[in-house]
Amino acid sequence: MRLDVRRMLLLAEVAAHGSLTAAAQAMAFTPSAVSQQIAKLESEAGQPLLERHARGVALTPAGEALVRHAQRIGRQLGAAAAELDEIAGLRSGELRIGSFPTAGSSLLPLVVRRFAQAHPGIRLVVRSAVLDGLRAMLESREIQLALLWDYDWSRVDDPALALTPLLEDATALIVSDRHPLAHRASVTMAELSAEEWITRADEHPVADVLARSCRAAGFQPSIAFFAHDYQEAQAMVSIGLGVALAPGLALTNLRSGIKVIALEPSAPTRRILLARLADRRPTPAEAAAETLFHEAADTLRRDRTRPTAG
């Protein structure tokens, strides 16, 4: 048995108004149109639903049963419409965002704070992962938006993703504030051929940046220490164990005893990207978050100065 929900709701209107004519007037239908739809519903149900009499109509037991179900369906549809209105109005729902550590400690907090203030009814879920993990979470729909990064030599090129560039994140040199270069505003990589280097372990992308930058300058880096995060790298630099390269977003929370020096004539730069699945229409929450990501990136560009400490 297949019952048409719209006809069930129409039957409930007929029961509420007591006659086909009154229900037709209330719903701006003709009485004959209402009668035809009720007849089709009776055919679907396989039994009479209404008993007609001089003063109108009365429900049969089957009609009463269908009206009870129709009333529940009507309430559920009303609740569904109200919930969709809440989501469209950014008053309820959920937004799932993926990020990587350096963006999670710099760009993302600006967005999370502003989004939570503007849309307190939306539940925010944040996941942190490496690049491949973020792409996998997008594909599985575990997250809706992701902050990604790439360099000129390793572009994120995936037709399944809609990518929006947010920020250019240049690599800088960090040295101890007691280092002979600490007073300099900029240096070239060629000037650093005799330095000991702190780099990232586990084939981290900044290790590749270091290797490429040194190779382009004509030397191989001498590695003094392999760090497992940027705070550990900063600590080793601060005690003079070596110098290090780091992207700008990794230097938002700068340790004391560190100086940041620009690389000239041009520093390796990574793009910070906002990604979503290309075949998905953005939800209102996603669209609002994207606007805030652009605003936060603009804030970082305006306010970014060369950090100093020590």
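Residues numbered from 1 in each chain as written. Predicted model: local features only at pLDDT ≥ 70, side-chain atom pairs only at ≥ 80, totals over all residues. Heavy atoms only, no water.

A.B. asks: Whenever I open this one, the layout of surface pockets confuses me. Can you help?
C.D. replies: It is a probe the size of a water molecule, rolled over the atoms, that shows where empty space is left. Within this model, the largest pocket holds a volume of roughly 540 Å³. Elements represented by at least two residues in the lining of the largest pocket include exactly helix H5 (101-104), helix H8 (205-216) and helix H9 (230-238). For the lining of the largest pocket, the per-class residue count stands at 14 nonpolar, 7 polar and 5 charged. (1 Å grid on protein atoms, 1.4 Å probe; cavity = no way out; pocket = protein on both sides within 12 Å on 5 of 7 lines; lining within 4 Å. Points joined across faces, edges and corners; volume = space filled by probe spheres on them. Helix = DSSP H or I, 4+ residues; strand = E, 2+ residues; numbered from the N terminus. Nonpolar A, V, L, I, M, F, W, Y, C, P; charged D, E, K, R; others polar.)

A.B. asks: Hey, could you run me through helix H7 (residues 131-139) in this one?
C.D. replies: Because an α-helix packs 3.6 residues into every turn, residues spaced three or four apart end up facing the same way. Those residues of H7 that fall on the buried side of the exposure criterion are Leu-131, Leu-134, Met-137 and Leu-138. Summarising the axial view, the buried residues of H7 lie within an arc of 130 degrees, below the 170-degree limit, and thus occupy one face. In H7, those exposed residues whose orientation departs by more than 90 degrees from the buried face are Asp-132 and Glu-139. On its buried face, H7 is in contact with strand S3 (94-99), strand S4 (123-128), strand S5 (145-150), strand S6 (161-176) and strand S12 (269-277). At the exit of H7 stands Arg-141, carrying a positive phi of roughly 70 degrees. (Buried < 20%, exposed > 50% of the residue type's maximum accessible area, 1.4 Å probe, protein only. Arc of directions from axis to C-beta. Contact = heavy atoms within 4.5 Å.)

A.B. asks: Just checking my understanding: could you explain the confidence of the model for the protein chain for this structure?
C.D. replies: Low pLDDT means the predicted atomic positions in that stretch should not be read closely. With 96% of its residues at a pLDDT of at least 70, the protein chain reaches an overall mean of 91. Confidence drops under pLDDT 50 across residues 306-310; counting only partners more than four residues distant or on other chains, this segment forms 17 contacts. (pLDDT = per-residue confidence, 0-100.)

A.B. asks: Which parts of the structure should I look at to understand the nonpolar core?
C.D. replies: The tendency in soluble globular proteins is for nonpolar side chains to be buried as a group. Leu-107, Leu-147, Leu-148, Leu-173, Trp-197, Leu-245 and Phe-293 are the most contacted members of the largest nonpolar core, which has 74 residues in total. Here this core takes 8 residues from helix H10 (residues 284-303), the largest share from any one element. Setting aside chain neighbours within four positions, we find Leu-148 in contact with Phe-100, Leu-131, Leu-134, Arg-135, Val-156, Leu-161, Leu-163, Arg-271, Ile-272, Leu-273 and Ala-275. Leu-20, Ile-38, Leu-50 and Val-67 belong to the second-largest nonpolar core, a separate cluster that totals 19 residues. (Core = buried A, V, L, I, M, F, W, Y, C linked by side-chain atoms within 4.5 Å.)

A.B. asks: What is the right way to read the environment of Val-237 from this model?
C.D. replies: In this structure, Val-237 sits in helix H9. Residues in contact with Val-237, not counting those within four places in the same chain, are Ile-174, Val-175, Ser-176, Ile-198, Gly-242, Val-243, Ala-244 and Ile-258.

A.B. asks: Where do I start with the environment of Ala-23 in this structure?
C.D. replies: As for its placement among the helices and strands, Ala-23 is situated in helix H2 (residues 20-27). Sequence-wise, Ala-23 and Leu-11 are 12 residues apart; in three dimensions their C-alpha atoms are separated by 9.0 Å. Non-local contacts of Ala-23, meaning those with residues more than four positions away in its chain, are made with Glu-13, Val-14 and His-17.

A.B. asks: In this structure, what is going on with the side chain of Arg-276? I would like to understand it.
C.D. replies: Residue placement: Arg-276 occurs in strand S12. The side chain of Arg-276 sits in the buried core without any salt bridge; Glu-290 is the nearest counter-charge, 4.7 Å away. If we ignore the near neighbours within four places in the chain, the residues touching Arg-276 are Leu-138, Gln-144, Leu-145, Ala-160, Leu-161, Ala-162, Pro-282 and Glu-286. (Lys, Arg positive; Asp, Glu negative; His and termini not counted. Salt bridge = Lys/Arg side-chain N within 4 Å of Asp/Glu carboxyl O.)

A.B. asks: What's the story with empty space enclosed by the protein in this structure? I'm lost.
C.D. replies: Going through the model one piece at a time under the given rule, you end up with 2 cavities of 30 Å³ or more. Roughly 40 Å³ of internal volume is contained in the largest cavity. Per-element tally for the lining of the largest cavity: the top contributor is strand S8 (residues 196-200), with 3 residues. There is about 30 Å³ of room inside the second largest cavity. Residue lining of the second largest cavity: Ile-174, Tyr-230, Ala-233, Gln-234, Ala-244, Leu-245, Ala-246 and Leu-251, and that is the complete set. The set of elements that each furnish at least two residues to the lining of the second largest cavity consists of H9 and strand S10 (243-247). A breakdown of the residues in the lining of the second largest cavity according to their chemical character gives 7 nonpolar, 1 polar and no charged.

A.B. asks: Would you take a moment to explain the packing of aromatic side chains for this structure?
C.D. replies: What describes a pair of aromatic rings is the distance from one ring centre to the other and the angle between the planes of the rings. According to the stated counting rule, one finds 2 aromatic pairs in the structure shown. Measuring from ring centre to ring centre gives 6.0 Å for Trp-149 and Tyr-151, while their planes differ by 70 degrees; the resulting arrangement is edge-to-face. An identical accessibility class is assigned to Trp-149 and Tyr-151; each is buried. Taken together, the ring pairs in this structure connect Trp-149, Tyr-151 and Trp-153 into an aromatic cluster. Cation over ring: Arg-200 sits above Tyr-230, and NZ or CZ is 4.6 Å from the ring centre. (Phe/Tyr/Trp six-rings, centres within 6.5 Å; stacked < 30°, edge-to-face > 60°. Lys NZ or Arg CZ within 6 Å of the ring centre and 35° of its normal.)

A.B. asks: Just checking my understanding: could you explain the pattern of salt bridges for this structure?
C.D. replies: Two side chains of opposite charge can pair, provided their charged atoms sit close to one another. With the rule as written, the count across this model stands at 16 salt bridges. Put simply, Asp-169 and Arg-270 hold a salt bridge, and the shortest N to O gap is 2.8 Å. Taken together, the residues span a long stretch of sequence, with Asp-169 in strand S6 and Arg-270 in strand S12 at a distance of 101 residues. Residue classification places Asp-169 among the buried residues on the basis of a relative accessible area of 0%. On the basis of relative accessible area, Arg-270 is assigned to the buried category, the value being 5%. Residues joined in a network through salt bridges with shared partners are Asp-4, Arg-6, Arg-7 and Glu-44.

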